[in-house]
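# Descriptive structure summary
So the chains spell out like this:
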Amino acid sequence: MEFNNKLFVEGDDRLERAYFGWEDSITKLESIKNGYKMAADDLVGIVLEKRENCVLEQYIYPIMFLYRHSIEISLKSIYFRVYGNSKKLKGGHSLDDLWKNCYTEIESTLNKKFDEKIKANVSNFLLELTKATTNKKVDCKAEVWRYSYDKNNKKFFPNKEAKMIDYKNLKYGMSQLYDALDYLYDVVDEILSRKC
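Residues numbered from 1 in each chain as written. Predicted model: local features only at pLDDT ≥ 70, side-chain atom pairs only at ≥ 80, totals over all residues. Heavy atoms only, no water.

A word on the overall build of the protein. When its secondary structure is counted, the protein shows six helices and zero strands. Secondary structure elements of the protein occur, N-terminal to C-terminal, as α-α-α-α-α-α. Counting over 196 residues, the protein shows a buried share of 37%. Taking the contacts inside the protein whose residues are at least 6 apart along the sequence as the reference set, 64% of them involve residues at least 24 apart. Of the roughly 13,200 Å² of accessible surface on the protein, a fraction of 52% belongs to carbon and sulfur atoms. (Helix = DSSP H or I, 4+ residues; strand = E, 2+ residues; numbered from the N terminus. Buried < 20%, exposed > 50% of the residue type's maximum accessible area, 1.4 Å probe, protein only. Contact = heavy atoms within 4.5 Å. Areas by Shrake-Rupley, 256 points an atom, 1.4 Å probe, with all protein chains shown as cover.)

So this is what it looks like as structure tokens:
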């Protein structure tokens, strides 16, 4: 078997290739955020269509990582819209810390009380995500769904007791969280657009 070592070639069909690197910062964040969410949704569709134990169990890790990362990018995107970068946003990869810092800083900067229902919904979803991952903060280093063990060789899910996630409910819940964060982004964008 001959190995083709040219992974990044243009190819003949323009409908079989992706274009990237042309985006501005906001467009790029939007594309990354949507890409992770859509990929997770597509994988949930595959799982529900196949309905096989090996697929149900093996796909949960990439699906959860993709959803989790789309939420992280959503939070950073909101912050980026206000400040033009996300370097000052404290929280690293911890969704819980990112949410608290992002919300607090943006609210104080814009001097605007946002919809308390949206705030409560996002906080509740992040709490549920915490329960689904570990008893620690929400996947502080974005490792829980990528690896079995942390850097100290400690298992992320230590007891042998099985945990369960219903795929349909997961997709529905993540879509609600995603929509709430999109709504918050739109509110921030509208406020900032009026200030110009």
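Text resumes after the structure shown.
Side chains that differ in sign of charge can pair as their charged atoms come close. Per the counting criterion, the structure on display carries six salt bridges. A salt bridge links K33 to E30; its shortest N-O distance comes to 3.6 Å. In this pair, K33 and E30 are both assigned in helix 1 (residues 25-50), three residues apart and thus about one turn of the helix distant. The class for K33 is buried, based on a relative accessible area of 3%. According to the relative accessible area criterion, E30 is partly exposed, its value standing at 31%. D41 is paired through a salt bridge with K37; the nearest N and O atoms lie 2.7 Å apart. With D41 and K37 both in helix 1, this residue pair falls four residues apart, about one helical turn. K37 carries the same exposure label as D41, and that label is buried. Salt bridges sharing partners connect three or more residues here, namely E30, K33 and D182. (Salt bridge = Lys/Arg side-chain N within 4 Å of Asp/Glu carboxyl O.)

Of note, D186 is situated in helix 6 (residues 167-195). Looking at D186, the relative accessible area reads 49%, which means it is partly exposed. Once the C-alpha coordinates of D186 and R81 are considered, the two residues, 105 residues apart in sequence, prove to be 9.9 Å apart.

Let us look at the side chain of K33. A distance of 2.5 Å separates a polar atom in the side chain of K33 from a polar atom in the side chain of D182. Not counting chain neighbours up to four residues away, the residues in contact with K33 comprise S70, I73, S74, Y178 and D182. (Polar contact = N/O pair within 3.5 Å; in protein donor to acceptor, adjacent residues only side chain to side chain.)

Turning to the packing of aromatic side chains, a few remarks are in order. All told, the structure shown has one aromatic pair when counted by the stated rule. Between K37 and the ring centre of Y178, over which it is positioned, the NZ or CZ distance is 5.2 Å. (Phe/Tyr/Trp six-rings, centres within 6.5 Å; stacked < 30°, edge-to-face > 60°. Lys NZ or Arg CZ within 6 Å of the ring centre and 35° of its normal.)

What follows deals with the side chain of S74. For S74, the position within the fold is in helix 3 (residues 60-83). Here S74 is in contact with K33, Y178 and L181, once residues within four sequence places are set aside.

In a regular helix each residue adds 1.5 Å, so 24 residues correspond to 34 Å; helix 3 covers 35 Å between its end C-alpha atoms and thus fits that length. Of all the 24 residues making up helix 3, 21 are buried; the element is thus mostly covered by neighbouring parts of the structure. (Expected span 1.5 Å × (residues − 1).)

Soluble globular proteins: nonpolar side chains tend toward being buried together. Ranked by size, the top nonpolar core spans 35 residues in total, and within it I63, Y67, I71, L75, I78, L170 and L181 carry the most contacts. When contributions to this core are tallied by element, the ones reaching two or more residues are helix 1, helix 3, helix 4 (95-110) and helix 6. The element contributing the most residues to this core is helix 3, with 11 residues. Discounting residues that sit within four places of it in the chain, L75 has contacts with L95, L98, W99, C102 and L181. (Core = buried A, V, L, I, M, F, W, Y, C linked by side-chain atoms within 4.5 Å.)

Any link to function would need more than the numbers given here.
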